[in-house]
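A closer look at the structure
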Number of protein chains: 4
Amino acid sequence: MTEHEATGHDEAVGHGYIDDKAKYIRRLKLIEGQARGLQRMVENEDYCIDILTQLSAMTRALEAVGLGLLEGHMRHCVVAAAREGDAAAAEKIDEAMKAITRLVKS
Amino acid sequence: MTEHEATGHDEAVGHGYIDDKAKYIRRLKLIEGQARGLQRMVENEDYCIDILTQLSAMTRALEAVGLGLLEGHMRHCVVAAAREGDAAAAEKIDEAMKAITRLVKS
Amino acid sequence: MTEHEATGHDEAVGHGYIDDKAKYIRRLKLIEGQARGLQRMVENEDYCIDILTQLSAMTRALEAVGLGLLEGHMRHCVVAAAREGDAAAAEKIDEAMKAITRLVKS
Amino acid sequence: MTEHEATGHDEAVGHGYIDDKAKYIRRLKLIEGQARGLQRMVENEDYCIDILTQLSAMTRALEAVGLGLLEGHMRHCVVAAAREGDAAAAEKIDEAMKAITRLVKS
């Protein structure tokens, strides 16, 4: 957190996922492995439906990471902004709603 | 369809994506790169919302690959099965609907 | 089906949902009732999260109707088009893929 | 926040959508009309793909209402809970995350 202290929007509270950094990197490495697995399946000319099954599993894993990051963001950044004042709260909620809308639509 | 008759699900006609194998591998490599990019963002303690934006872009890229694979599957395997007979058609459509349901829900 | 016989793209086979017309109308009536229920909840100033829970249930019911209609379409119209020839198959699959893409993205 | 103290979850501050009650009821009436329109299309034996197009439009309208209600909830209830204290904030965010997860998955 030291490089972060003097700079950003929520330096004092830290980002919501900081305590879980190792967990998120581990989950993203698994997802990276799933992307490589899909390449191997295409390379091997595996059956389309089997590839789609793995692709849906990867999408769900990615979605779970997104929901986890969002939850951390709400617990830390949104709560801190709400306590800071109305303008800060409004800004963080606008931003969070845009991210939620993208998650819902993607 | 003669080349299909003796062989089993679609070896002879090939899977729907075979002609586009290189394209799909290229797109999946980009997606693998996006998974690594997300790890770097978490490692660097980037802002949660910026990570979520990249994660949604990655989900959309993955979804586009899934829809592309499904389209190839429909054009080749489903059409071939429909021409083979009612039982083959029913089996392929059951399978395709399960894959579509997973895409819709994920 | 008589009014349909001489006219459309797949009159001979009929639309995929025809045999299940009554079932689909019944399910859509339930969904219409859910829309009225949501209005009552807003009118009564029910708790936002409770309204969202009902709204998600309604979205899932609607999605299930969509997947059912799509399955019927595939079983009837897409199979019939595949048997009619390559051009008919290509046209129906283009159309089905657009519908599937909308279901996936909505 | 004093007006909130004695009352329970958010009666005094009001739900997030209260100011927009008439707007939400109007939008839900339109959605109810879309559900009736879909029944008419099935009754008339309209083409499956045309029904699916209308169904997707209805799903998107419903999703937009859900995102609007969620935004109001965040602006009012979540912000109020954050100011009330850590336990209240945690409870409201748990609840909001469950609603968001259902929106993302449906």
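Note that the coordinates shown come from a computational prediction; the quantities given were computed from them, not determined experimentally. (Residues numbered from 1 in each chain as written. Chains lettered and ligands numbered in written order. Predicted model: local features only at pLDDT ≥ 70, side-chain atom pairs only at ≥ 80, totals over all residues. Heavy atoms only, no water.)

**Thoughts on the overall build of chain A**
A count of helices and strands for chain A gives three helices and zero strands. Scanning chain A from its N terminus toward the C terminus, one meets helices and strands in the order α-α-α. Considering chain A as a whole, with its 106 residues, one finds that 53% of them fall into the buried category. In chain A, once contacts between residues fewer than 6 apart in sequence are set aside, the share between residues at least 24 apart is 52%. (Helix = DSSP H or I, 4+ residues; strand = E, 2+ residues; numbered from the N terminus. Buried < 20%, exposed > 50% of the residue type's maximum accessible area, 1.4 Å probe, protein only. Contact = heavy atoms within 4.5 Å.)

**So, the packing of aromatic side chains**
Scanning all chains against the criterion turns up zero aromatic pairs over all chains. In this structure, K23(C) is placed above the aromatic ring of Y24(C), and the distance from its NZ or CZ to the ring centre is 4.9 Å. (Phe/Tyr/Trp six-rings, centres within 6.5 Å; stacked < 30°, edge-to-face > 60°. Lys NZ or Arg CZ within 6 Å of the ring centre and 35° of its normal.)

**A look at the side chain of S56(D)**
As for its position among the elements, S56(D) is in helix α3 (residues 48–84). Not counting residues within four places of it along the chain, the set of residues in contact with S56(D) comprises R102(C), L103(C) and S106(C).

**What to know about the interface of chain C and chain D**
The partner chain D presents 49 residues to the 51 residues of chain C that form the contact. Between the two partners, chain C and chain D, sit six salt bridges. Note that R36(D) and E32(C) form a salt bridge whose closest N and O atoms lie 3.0 Å from each other. The tally of links between chain C and chain D comes to 20 residue pairs in polar contact (both at pLDDT 80 or more). For the side of chain C that touches chain D, the secondary-structure elements that each account for two or more residues are α1 (21–43), α2 (48–84) and α3 (86–105) of chain C. The dominant element in the side of chain C that touches chain D, judged by the number of residues it contributes, is α2(C), at 18 residues. (Salt bridge = Lys/Arg side-chain N within 4 Å of Asp/Glu carboxyl O. Polar contact = N/O pair within 3.5 Å; in protein donor to acceptor, adjacent residues only side chain to side chain.)

**Some words on the relation of the copies chain C and chain D**
With an axial shift of 0.0 Å and an RMSD of 0.0 Å, the rotation relating chain C to chain D amounts to 180°. Taken together, the turn and the small shift mark the pair as related by a two-fold rotation axis. Distance from the rotation axis, computed per C-alpha, reaches its smallest value in chain C at E32(C): 2.6 Å. (Least-squares fit on C-alpha atoms with pLDDT ≥ 70 in both.)

**Re the interface of chain A and chain D**
Tallying the contact residues gives 22 residues for chain A and 22 residues for chain D. For the pair chain A and chain D, the summed buried surface comes to about 2100 Å²; carbon and sulfur atoms form 67% of the total. Summed over the shared surface of chain A and chain D, the number is six salt bridges. Among the ionic pairs, R75(A) bridges to D94(D), the shortest N-O distance being 2.4 Å. At the boundary of chain A with chain D, the tally comes to ten residue pairs in polar contact (both at pLDDT 80 or more). (Buried area = accessible area lost by both parts, 1.4 Å probe.)

**Re the nonpolar core**
It is characteristic of soluble globular proteins that their nonpolar side chains tend to be buried jointly. In terms of nonpolar packing, the biggest core is built from 138 residues, with I100(A), I100(B), M74(C), I100(C), M74(D) and I100(D) touching the most fellow members. With residues up to four places along the chain from it excluded, the contact list for I100(A) reads L70(A), L67(D), L70(D), M74(D) and I100(D). (Core = buried A, V, L, I, M, F, W, Y, C linked by side-chain atoms within 4.5 Å.)

**What to know about α3(C)**
With 20 residues, α3(C) extends 28 Å from end C-alpha to end C-alpha; this agrees with the ideal 28 Å at 1.5 Å per step. Along its buried surface, α3(C) packs onto α3 (48–84) and α4 (86–105) of chain B, α2 of chain C together with α3 of chain D. (Expected span 1.5 Å × (residues − 1).)

**Focus: the relation of the copies chain A and chain D**
At an RMSD of 0.0 Å, chain A and chain D line up after a rotation of 180° and a shift of 0.0 Å along the axis. Most of the interface of chain A is mirrored in chain D: 100% of its interface residues are interface residues there too.

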